[in-house]
Amino acid sequence: MIRIIGCGKIKEKWMRDGLAEYVKRIGAYDKLEVLEVADEKTPDNNSEAENEMVKVKEGQRILKLIKDDDYVILLDLAGKTMDSEKLSTFIEQLYVKGKSRIDFVIGGSLGVSKELINRADFRWKLSDNTFPHQLCRIIVTEQVYRAFRIMHNEPYHK
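Residues numbered from 1 in each chain as written. Predicted model: local features only at pLDDT ≥ 70, side-chain atom pairs only at ≥ 80, totals over all residues. Heavy atoms only, no water.

Novice: Can you help me understand the nonpolar core in this one?
Specialist: One recurring pattern in soluble globular proteins is that nonpolar side chains are buried together. With 25 residues, the main nonpolar core has Ile 2, Ile 73, Ile 91, Phe 104, Trp 124, Val 140 and Val 144 as its most contacted residues. Elements that contribute at least two residues to this core include exactly strand E1 (2-7), helix H1 (13-26), strand E3 (71-80), helix H3 (84-96), strand E4 (102-106), strand E5 (122-124) and helix H5 (133-151). No other element matches H5, which puts 7 residues into this core. With near-sequence residues (within four places) excluded, Ile 91 lies in contact with Ile 2, Ile 102, Phe 104, Ala 147 and Met 151. In this structure, Ile 5, Val 72, Leu 116 and Ala 120 belong to the second largest nonpolar core, which totals 11 residues. (Core = buried A, V, L, I, M, F, W, Y, C linked by side-chain atoms within 4.5 Å. Buried < 20%, exposed > 50% of the residue type's maximum accessible area, 1.4 Å probe, protein only. Helix = DSSP H or I, 4+ residues; strand = E, 2+ residues; numbered from the N terminus. Contact = heavy atoms within 4.5 Å.)

Novice: Is there a simple way to explain H1 in this structure?
Specialist: Since there are 3.6 residues in each turn of an α-helix, residues three or four apart along the chain are aligned in direction. The end-to-end C-alpha distance of H1 is 20 Å, a good match for the 20 Å that 14 residues give at a rise of 1.5 Å each. The inward-facing, buried residues of H1 contact strand E2 (32-37) and H5. (Expected span 1.5 Å × (residues − 1).)

Novice: Explanation requested: the pairing of E1 in the structure shown.
Specialist: As a general feature of sheets, a regular strand has side chains that alternate between the two faces. Of all 6 residues that make up E1, 6 are buried, and the element is covered over most of its length. Bridge analysis of E1 against E2 gives 6 bridges, and the strand direction is parallel. By the bridge assignment for E2, Ile 4 is matched with Val 34. Once you follow E1 into H1 and on to E2, the crossover reads as right-handed. Summarising the sheet, E1 and E4 pair through 5 bridges and their orientation is parallel. By the bridge assignment, Gly 6 is partnered in E4 with Ile 106. (Pairing = 2+ DSSP bridges. Right-handed = clockwise from strand over helix to strand, strands pointing away.)

Novice: Can you help me understand the layout of surface pockets in this one?
Specialist: Counted as a void, the largest pocket has a volume near 440 Å³. Around the largest pocket sit 20 residues that line it, and Leu 75, Leu 77, Gly 108, Phe 131 and Cys 136 are the ones nearest its centre. Counting residues per element, the ones that place at least two in the lining of the largest pocket are E3 and H5. Tallying contributions element by element places E3 first for the lining of the largest pocket, with 3 residues. Taken together, the residues of the lining of the largest pocket sort by class into 10 nonpolar, 8 polar and 2 charged. (1 Å grid on protein atoms, 1.4 Å probe; cavity = no way out; pocket = protein on both sides within 12 Å on 5 of 7 lines; lining within 4 Å. Points joined across faces, edges and corners; volume = space filled by probe spheres on them. Nonpolar A, V, L, I, M, F, W, Y, C, P; charged D, E, K, R; others polar.)

What follows is the structure, encoded as structure tokens:
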């Protein structure tokens, strides 16, 4: 099972529809769940200490959803990049190693807590670009779908 865990709700219908489409497509290969945790209000005039507290609170909400034996892939600008083929191989190897639940974690707009970084089994840099965290859910889900297509030698990834 694969889970996409994100901070905040997706409000835009087109984003929800896009996400639902990829969830449906992935269903042919494995179960995928998209989980949302509440995000904290982040006024522009927050102090650094207040921003850290926001990340801690959001991180605690995410960590409550993660079990000890889950494999956690944290989206992180300080992580390692992987192209689609490498991601496919990476996921396939996790299945071979018996990882029955893979969690892709997407933090809030301020980033993630140190606790969440420490819990991550792998830190994935999705891109050098910056995307809204809601849009990242669609991108990650599409990449997971692409990875399954590659794993099964099915057309799509070119």
